[in-house]
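These are the residues of each chain, in order.
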Amino acid sequence: MGILLYAATSLPQVLAYIDPGTGSFLFQMLMAGILSLGLMLTTMRERVKNFFKSRLGSGNKPGTAPESSNSQTPPKA
């Protein structure tokens, strides 16, 4: 802790800055990277899920009703 405090207080003054245009650009790049990573993970999760669904052979296809017995129920009066 002492070394960190010494280094922080003994460094010479640095006359550098990030102008608003550069800061904005870096922020946009960071956000694009985070959103792209989220989209990639969601897509990969769906692909893995669909892969295992097709390999395990679940009887129902997506969007179809489950098969029922052939007996019909009588209409309600």
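What you see is a predicted model, and the numbers here were worked out from it, not measured in a lab. (Residues numbered from 1 in each chain as written. Predicted model: local features only at pLDDT ≥ 70, side-chain atom pairs only at ≥ 80, totals over all residues. Heavy atoms only, no water.)

Along the backbone of the protein chain there are two helices and zero strands. Out of the 77 residues in the protein chain, the part that is buried amounts to 0%. (Helix = DSSP H or I, 4+ residues; strand = E, 2+ residues; numbered from the N terminus. Buried < 20%, exposed > 50% of the residue type's maximum accessible area, 1.4 Å probe, protein only.)

For the rest of this paragraph, the subject is the packing of aromatic side chains. Inspection of every chain in the model, using the stated rule, returns one aromatic pair. For the pair Phe51 and Phe52, a centre-to-centre distance of 5.3 Å together with 75 degrees between the ring planes defines the contact as edge-to-face. (Phe/Tyr/Trp six-rings, centres within 6.5 Å; stacked < 30°, edge-to-face > 60°.)

Taking 1.5 Å per residue, 37 residues should reach 54 Å; helix α2 (residues 20-56) reaches 54 Å between its end C-alpha atoms and fits that length. Phi for Gly57, located one or two positions after α2, is positive at around 70 degrees. (Expected span 1.5 Å × (residues − 1).)

Moving on, we get to the environment of Thr9. Locating Thr9 in the fold gives a position in helix α1 (residues 2-10). Residue class for Thr9 comes out exposed when judged on its relative accessible area of 60%. A distance of 3.0 Å separates a polar atom in the side chain of Thr9 from the backbone oxygen of Leu5. Side-chain polar atoms of Thr9 contact the backbone oxygen of Tyr6, separated by 3.3 Å. (Polar contact = N/O pair within 3.5 Å; in protein donor to acceptor, adjacent residues only side chain to side chain.)

This paragraph deals with the pattern of salt bridges. Under the criterion given, the structure shown has two salt bridges. Ionic pairing is found between Arg45 and Glu46, a salt bridge with its closest N-O pair at 3.9 Å. Among the residues examined, Glu46 registers a relative accessible area of 30% and is labelled partly exposed. Among the salt bridges present, the one from Lys49 reaches Glu46, with a minimum N-O distance of 3.5 Å. Taken as a pair, Lys49 and Glu46 lie in helix α2 at a separation of three residues, close to a single helical turn. A cluster of three or more residues bridged by salt bridges with shared partners is formed by Arg45, Glu46 and Lys49. (Salt bridge = Lys/Arg side-chain N within 4 Å of Asp/Glu carboxyl O.)

Here we take up a nonpolar patch on the surface. Taken together, the side chains of Ile18, Phe25, Leu26 and Met29 present a nonpolar region at the surface, about 430 Å² in accessible area. Locating Met29 in the fold gives a position in helix α2. (Patch = residues over 30% accessible without salt bridge, like charges linked within 9 Å, V, L, I, M, F, W, Y side chains within 5 Å. Areas by Shrake-Rupley, 256 points an atom, 1.4 Å probe, with all protein chains shown as cover.)

Treat this as a map of the structure, not an account of what it does.
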